[in-house]
Amino acid sequence: MCDSPSSSSCSSLSLALAMGERMRRAAHAMLFPFPCSGHINPTLKLAELLHSRGVHVTFVNTEHNHERLLRRRGGGGALRGREGFRFEAVPDGLRDDERAAPDSTVRLYLSLRRSCGAPLVEVARRVASGGGVPPVTCVVLSGLVSFALDVAEELGVPAFVLWGTSACGFACTLRLRQLRQRGYTPLKDESYLTNGYLDTPIDWIAGVPTVRLGDVSSFVRTLDPTSFALRVEEDEANSCARAQGLILNTFDDLESDVLDALRDEFPRVYTVGPLAADRANGGLSLWEEDAACMAWLDAQPAGSVLYVSFGSLTVMSPEELAELAWGLADTRRPFLWVIRPGLIAGAGAGDHDVVTNALPDGFVAETKGRCFIAEWCAQEEVLRHRAVGGFLTHSGWNSTTESICAGVPMICWPGFADQYINSRYVRDEWGIGLRLDEELRREQVAAHVEKLMGGGGGGGDRGKEMRRNAARWKAAAEAATAKGGSSYGGLDKLVEQLRLGQ
Ligand code: UDP
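Remember, it's a predicted structure, so these values are computed and weren't measured experimentally.

Chemist: Where do I start with the environment of Arg-499 in this structure?
Modeler: Assignment of secondary structure puts Arg-499 in helix α23 (residues 486–500). Counting along the chain gives 473 residues from Arg-499 to Ala-26, while the straight-line C-alpha distance between them is 6.6 Å.

Below, the structure written as structure tokens:
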């Protein structure tokens, strides 16, 4: 009861108390993704969804990416933030020459572990010190930054991991440790890469159908008993057990068996995807998006264009590039091809001439009028464009889910991490794609494109079936993320958990 003599000061005191109570109970998530597109994009989408449900958000980039985004046209606006949503940055500890080194991802990983812990704690304390902002009540991290579990511990708040791969990709990565302990990997010698050994069936990963050893993960393809990448993957995946919850960018119908198995192992699994279904919010693009490719698409007939892109990290040899180029040329169909700076081995990230020079002689003339080459594009918009009828992809999980959301069938050319298992599911479990052999051959590229996009005869029936399945999965993704759907409910549960702060 208020015992103040004045009723107005009494009511302002109760207001202040009520506000203080609201602040005390408000959830405030600090999100920190591994600093590459494949992690930033889904983490940002999750942040937007949390914010739309009333959660305060602090989204932390590395200073390097923050500045890179500020330099991009319009990037400054995206980083300005708004009521209850702020961007912050912490140093990644890398020098510019280390950033340009061929093993920059490894250096980045190690450097983040060394450099980011204390600055993240400092950010969490600082943002809530000015008044008007509730204290950080949880840390949401993406995969590969498990050190942030310690940050949450130091802050005394729960941590949630948004593991950015498919559920099947996560289940397989978890089992890398057993594969190593049971002697499946490292491989005995180089011949095991090609002698059929990678076809060894693996039938003991709970919730996952029998798969080839080679499809479990790219990391089994090592001869090195101390393989750094293999250890990092298994450690990072297994460290999710320390978090209060595991958040997956998938939906229940898409991966029901493996999700059931994961829910036996992890007490709190939140399926909130596909995050690509949230069309209101784009990502934070680290590269300038080519707007002209959209106008080019506008001029193409519906469903006629093959979109070709291998995400933000894939590197291919000049020979592979040439084989792919001629395969695409031979299709006689229009295609939009993203050749990102850095895609071609040996070419520096800013070395644009190398890209043009690496294209085989005669290719540009041969494909004139039906080929558009972009360095980077607004991929989600491209995939949803009515002109796009197929996607030749590296099967990164974001690209895969973006394609599912757009109802576009795929041709998969996996090469790294979970991309093999994703493409295994795309082709065999979901019936929405084909797969190229590891060794790119122009004849197979052209034949697969024909099968996927051909109208009648030949591969036409298979193509039709894949398009039908893709439309079905698109509808299922929409249903999952709409009110009443499983991912909508998953987000509700997650928000409730964040509010409880346990
Ligand atoms: N992306 C894009 N424009 C491009 C190529 C890719 O915006 O020209 C985005 C794409 O939409 C996706 C991300 O980059 O969100 C790539 O993530 P993915 O998991 O597919 O692959 P990764 O880059 O991690 O290998």
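Chemist: Would you explain the sheet that holds strand β3 (residues 85–90) in this entry?
Modeler: Across the sheet, which stays open at both edges, the 7 strands sit in the order β3-β2-β1-β4-β5-β8-β9 with parallel pairing between neighbours. What marks the edges here is a single partner per strand, and that holds for β3 and β9 (269–271). Direction aside, neighbouring strands of the sheet carry axes that sit 25° apart on average. As paired elements, strand β5 (residues 159–163) and strand β8 (residues 245–248) share 4 bridges and run parallel to each other. Paired with Leu-162 across the two strands is Ile-247, which belongs to β8.

Chemist: Honestly, the site of the ligand in this entry has me stumped. Any pointers?
Modeler: Taken together, 19 residues form the shell around the ligand, and within it Gly-38, Gly-311, Gln-379, Gly-396 and Ser-399 come nearest. Every element with two or more residues in the shell around the ligand is listed here: α2 (37–52), α18 (379–384) and α19 (397–406). Sort the elements by how many residues they give to the shell around the ligand and α19 lands first, with 4 residues. The class makeup of the residues in the shell around the ligand is 5 nonpolar, 12 polar and 2 charged. For the shell around the ligand, the domains that each give at least three residues are domain 1 (27–172 + 211–281 + 481–500) and domain 2 (292–479).

Chemist: Is there a simple way to think about the domain arrangement of the chain in this case?
Modeler: Note on interface size: it is often stated as the accessible area lost on association of the parts. Its domain assignment divides the chain into domain 1 (27–172 + 211–281 + 481–500) and domain 2 (292–479). Spacing between the C-alpha centres of domain 1 and domain 2 amounts to 27 Å. Every contact between the two is made by 27 residues of domain 1 and, on the other side, 24 residues of domain 2. It is α2 that provides the largest number of residues to the side of domain 1 that touches domain 2, a total of 4 residues. In terms of residue class, the side of domain 1 that touches domain 2 is made up of 11 nonpolar, 14 polar and 2 charged.

Chemist: How should I be thinking about the sheet that holds strand β15 (residues 433–435) in this particular structure?
Modeler: Adjacent strands of a sheet pair through backbone hydrogen bonds, lying either parallel or antiparallel. Judged by pairing direction, the sheet is parallel, and its 6 strands sit side by side in the order β12-β11-β10-β13-β14-β15 without closing on themselves. Strands with a single pairing partner mark the edges of an open sheet, and in this sheet they are β12 (371–374) and β15. Adjacent strand axes in the sheet meet at a mean angle of 15°, parallel and antiparallel pairs treated alike. Sheet topology note: the strand β10 (residues 305–309)/strand β13 (residues 388–393) ladder contains 5 bridges and is parallel. Residue pairing in the sheet places Leu-306 in a bridge with Gly-390 of β13. Helix α20 (residues 419–429) rests against β14 (410–412) and β15 of the sheet, and its axis sits at about 125° to β15.

Chemist: Could you clarify how one ought to interpret the environment of Tyr-488 in this entry?
Modeler: Secondary-structure assignment places Tyr-488 in helix α23. Residues Tyr-488 and Gln-444, 44 residues apart in the sequence, show an inter-C-alpha distance of 40 Å. For Tyr-488, the residues in contact, after removing those within four places along its chain, are Thr-481, Ala-482 and Lys-483.

Chemist: How should helix α15 (residues 318–330) be read in this particular structure?
Modeler: Since there are 3.6 residues in each turn of an α-helix, residues three or four apart along the chain are aligned in direction. With 13 residues, α15 should cover 18 Å at 1.5 Å per step; its first-to-last C-alpha distance of 18 Å lies within 8% of that length. Along α15, the residues classified as buried are Leu-321, Glu-323, Leu-324, Ala-325, Trp-326, Gly-327, Leu-328 and Ala-329. At the exit of α15 stands Arg-332, carrying a positive phi of roughly 65°.

Chemist: I tried to follow the nonpolar core on my own but got confused; where do I start?
Modeler: Note that soluble globular proteins tend to have their nonpolar side chains buried in a common cluster. Counting 136 residues, the largest nonpolar core has Ala-29, Leu-120, Val-139, Val-161, Ala-171, Ile-247 and Leu-336 as the members making the most contacts within it. There are two domains that each give this core at least three residues, and those are domain 1 (27–172 + 211–281 + 481–500) and domain 2 (292–479). Excluding its chain neighbours within four sequence positions, the residues that come into contact with Leu-120 are Phe-32, Val-60, Val-90, Ala-148 and Val-151.

Chemist: What's the story with unusual backbone geometry in this structure? I'm lost.
Modeler: Across residues other than glycine, the phi torsion is negative in most instances, and most of the peptide bonds are trans. Residues Thr-185 and Pro-186 are joined by a peptide bond in cis, for which omega reads 5°. Examined against the element boundaries, Pro-186 turns out to sit in the loop between α10 (176–181) and β6 (201–202). At the junction of Gly-273 and Pro-274, the peptide bond is cis and its omega measures out at 0° in the coordinates. Positive phi, normally seen in glycine, also occurs at Leu-144, with a value near 70°. In this fold, Leu-144 is placed in the loop between β4 (138–142) and α8 (148–155).

Chemist: Looking at this model, I keep getting lost on the pairing of β5. Mind explaining?
Modeler: Across the 5 residues that make up β5, a large majority, 5, are buried. The pairing of β4 with β5 spans 4 bridges and is classified as parallel. When the bridges of β5 are listed, Leu-141 appears paired with Val-161. Considered for its hand, the β-α-β crossover made up of β4, α8 and β5 is right-handed.

Chemist: Can you help me understand the confidence of the model for the chain in this one?
Modeler: Segments scoring low in pLDDT should not have their predicted coordinates read at a detailed level. When pLDDT is averaged along the chain, the result is 92, and 90% of the positions lie at 70 or above. In this model, residues 1–5 is a region of pLDDT below 50 whose contacts with residues beyond four sequence positions or in other chains number 6 contacts.

What counts, and at which threshold
- Residues numbered from 1 in each chain as written.
- Predicted model: local features only at pLDDT ≥ 70, side-chain atom pairs only at ≥ 80, totals over all residues.
- Helix = DSSP H or I, 4+ residues; strand = E, 2+ residues; numbered from the N terminus.
- Pairing = 2+ DSSP bridges.
- Axes fitted to C-alpha atoms, helices over the stretch in contact; angles between N-to-C directions.
- Near = placed C-beta within 6 Å.
- Nonpolar A, V, L, I, M, F, W, Y, C, P; charged D, E, K, R; others polar.
- Domains from an automatic or database assignment.
- Contact = placed C-beta atoms within 7 Å.
- Expected span 1.5 Å × (residues − 1).
- Buried ≥ 20, exposed ≤ 12 C-beta atoms within 10 Å, placed from the backbone.
- Core = buried A, V, L, I, M, F, W, Y, C linked by C-beta atoms within 7 Å.
- Right-handed = clockwise from strand over helix to strand, strands pointing away.
- pLDDT = per-residue confidence, 0-100.

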